[in-house]
Amino acid sequence: MSASSLEVEGLRTEFVLRDRVLRVVDDVSFTVKPGRALAIVGESGSGKSVTMRSVMRLLPKTGRVAGGRARLGGTDLLGLSERQMRKVRGRDIGMVFQNAMEALNPTLTLERQLTEHLLWHGVCDRAEAKRRAIQTLGDVGIPEPEQRIRTYPFQLSGGMRQRAMIATAMVTQPSVLIADEPTTAVDVTVQRQLLDLLAQLKARGTGVIMITHDLGVARYFCDDAIVMYAGRVVERGPIRQLLERPAHPYTAGLFSSTLEVGARHRPLQPVPGAPPDLAHRPPGCAFHPRCGQAEQRCGQEEQPLLPWSEDGQREVACWKAVQHV
Ligand SMILES: Nc1ncnc2c1ncn2[C@@H]1O[C@H](COP(=O)(O)OP(=O)(O)OP(=O)(O)O)[C@@H](O)[C@H]1O
């Protein structure tokens, strides 16, 4: 597939539990263009992973997409059969997770892991697939790739496993790469190498979505950001602008502790209080019970995303912020 944008519009995802239905992703929209990187940030439980699992159609049995659209190029991902979707995963959309062992199949050699998508999708023959696999392992900095290709994931160190996982995501040159906390479990040196690899992929036109708690990493690597709270997008815009001048009180609270001098690589600190139980979402703005600036209106009126900059690049779901532009 040539470089394509991923466009998600009005996505809604629910979990059907025994006694109720929980809306955990509510009207989420974003676009990732070729060669751009989008950060998805927000506290634990805000719906970041479920959003991406919905797009990949990898929800657990109790989850369902209740509305919205997800298009990659001209393809409606939510309308594909499971068989068609399997072709998209691993070929057009690559995935990198925090835990490489989860992503790699422990029973397959690196050669099988890296060549199976190419062979399965009929991209090339076995000899060419092996050549590409060796080349990609070399690209991600695995020494002696001709020998290492015969090893199993458990025979690699943690850092090498992480690289092998990225190699499996890179080998098909996907249009979009989803990276869910890719740098959390590795030390700073490996972290830097991984980001350099992802940057190479981005430079070749792959769009990247990075779910991360680390604003230093997001600032270094990403172009745009969406901030999620209780399943909704509360703010969006170019990441540097958001970090320099957050508009939503939640974004400001989330970022402030992390942006102290010398604290660039500290994970996000929670805002005082706790996110709402989604079964009892507060009326109006879901953040209002924790917001130091809340007024009566905040607990009564829904807050849609509204433009916050003249160029239309920034949007915020807070009527007070919009008032004070
Ligand atoms: N299988 C499930 N059944 C019911 N609720 C679920 C299930 N999986 C996730 N949830 C709920 O969906 C919401 C969003 O979860 P999600 O994992 O997307 O959050 P997150 O922002 O990715 O958090 P983290 O940063 O901790 O990964 C949470 O309230 C979570 O409890």
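By the naming in an unreviewed UniProt entry, the protein chain is ABC transporter ATP-binding protein, taken from Phytoactinopolyspora halotolerans. Entered under Subcellular location (unreviewed entry) in the UniProt record, the comment concerning the protein chain runs "Cell membrane". Per UniProt, the protein chain carries the Sequence similarities (unreviewed entry) text "Belongs to the ABC transporter superfamily."

**Student:** Describe in detail the overall build of the protein chain, supporting the description with residues and values.
**Tutor:** For the protein chain, the helix and strand inventory stands at twelve helices and twelve strands. Computed over C-alpha atoms, the radius of gyration of the protein chain comes to 20 Å, within 12% of the 20 Å expected from 2.2 N^0.38 for 325 residues, which places it in the range of a compact globule. Its C-alpha atoms give the protein chain principal-axis dimensions of roughly 65 × 45 × 40 Å. Of all 325 residues assigned to the protein chain, the portion counted as buried reaches 42%. A fraction of 62% describes how many contacts in the protein chain between residues 6 or more apart in sequence connect residues 24 or more apart.

**Student:** Give me the lowdown on the sheet that holds strand β9 (residues 224–229), citing residues and values where you can.
**Tutor:** Taking strand neighbours across the sheet as the criterion, the eight strands line up as β6-β7-β8-β3-β9-β10-β12-β11 in an open arrangement whose pairing is mixed. If you trace the sheet from one side to the other, it starts and ends with β6 (93–97) and β11 (306–307), each paired once.

**Student:** Residues and numbers for unusual backbone geometry, please.
**Tutor:** Of note, the phi angle at E144 is positive, near 45°, even though the residue is not glycine. For E144, a count of 10 C-beta atoms within 10 Å puts it in the exposed group. One non-glycine residue, A230, adopts positive backbone phi at about 45°.

**Student:** Before we move on, can you summarise the pairing of β6 with the specific residues and values?
**Tutor:** Along β6, five of the five residues are buried, which leaves the element largely enclosed by surrounding structure. Going residue by residue along β6, you find I93, M95 and F97 tucked away on one face and G94 and V96 tucked away on the opposite face as well. Sheet analysis places β6 next to strand β7 (residues 176–180), joined by five bridges and oriented parallel. Its bridge partner lying in β7, M95 is registered against I178.

**Student:** Describe the site of the ligand, naming the residues involved and giving the relevant values.
**Tutor:** If you check the shell around the ligand, you find 14 residues, and the closest are V24, S44, K48, S49 and V50. For the shell around the ligand, the leading source of residues is helix α1 (residues 48–56), giving three residues. Among the residues making up the shell around the ligand, the classes are represented as six nonpolar, seven polar and one charged.

**Student:** For helix α11 (residues 249–256), give the residues involved together with the corresponding values.
**Tutor:** All of the buried residues in α11 are P249, Y250, T251, G253 and L254. Tucked inside the fold, the buried residues of α11 contact β9, β10 (232–238) and α10 (239–244).

**Student:** Tell me about the packing of helix α4 (residues 110–120) against helix α5 (residues 126–139), and please be specific about residues and values.
**Tutor:** Contact geometry of α4 with α5 gives a least axis separation of 9 Å together with a crossing angle of 125°. Between α4 and α5, the crossing angle belongs to the class labelled oblique. For α4 against α5, the interelement crossing comes out right-handed. Here L110, E111, L114, T115, L118 and L119 of α4 lie close against α5, whose contacting residues are R126, A129, K130, R132, A133, T136 and L137.

**Student:** Account for the confidence of the model for the protein chain, naming residues and giving values.
**Tutor:** Looking at the protein chain as a whole, the pLDDT averages 88, with 93% of positions reaching at least 70. Interface confidence in the predicted complex, given as ipTM, is 0.97; pTM for the same model is 0.90.

**Student:** Which residues make up the packing of helix α7 (residues 158–170) against helix α8 (residues 188–203), and what values go with them?
**Tutor:** At their nearest, the axes of α7 and α8 sit 11 Å apart, and the two run at 10° to each other. With respect to their mutual orientation, α7 and α8 come out roughly parallel. Here G159, Q162, I166 and M170 of α7 come into contact with α8, specifically with V190, L194, L197 and L201. Its residues placed into classes, the contact of α7 with α8 shows six nonpolar, two polar and no charged.

Analysis parameters
- Residues numbered from 1 in each chain as written.
- Predicted model: local features only at pLDDT ≥ 70, side-chain atom pairs only at ≥ 80, totals over all residues.
- UniProt positions renumbered as here; feature names shortened; annotations may be inferred.
- Helix = DSSP H or I, 4+ residues; strand = E, 2+ residues; numbered from the N terminus.
- Rg over C-alpha atoms; globule rule 2.2 N^0.38 Å.
- Buried ≥ 20, exposed ≤ 12 C-beta atoms within 10 Å, placed from the backbone.
- Contact = placed C-beta atoms within 7 Å.
- Pairing = 2+ DSSP bridges.
- Near = placed C-beta within 6 Å.
- Nonpolar A, V, L, I, M, F, W, Y, C, P; charged D, E, K, R; others polar.
- Axes fitted to C-alpha atoms, helices over the stretch in contact; angles between N-to-C directions.
- Parallel < 35°, antiparallel > 145°, perpendicular 65-115°, else oblique.
- Left-handed = near helix turned anticlockwise from the far one by under 90°.
- pLDDT = per-residue confidence, 0-100.

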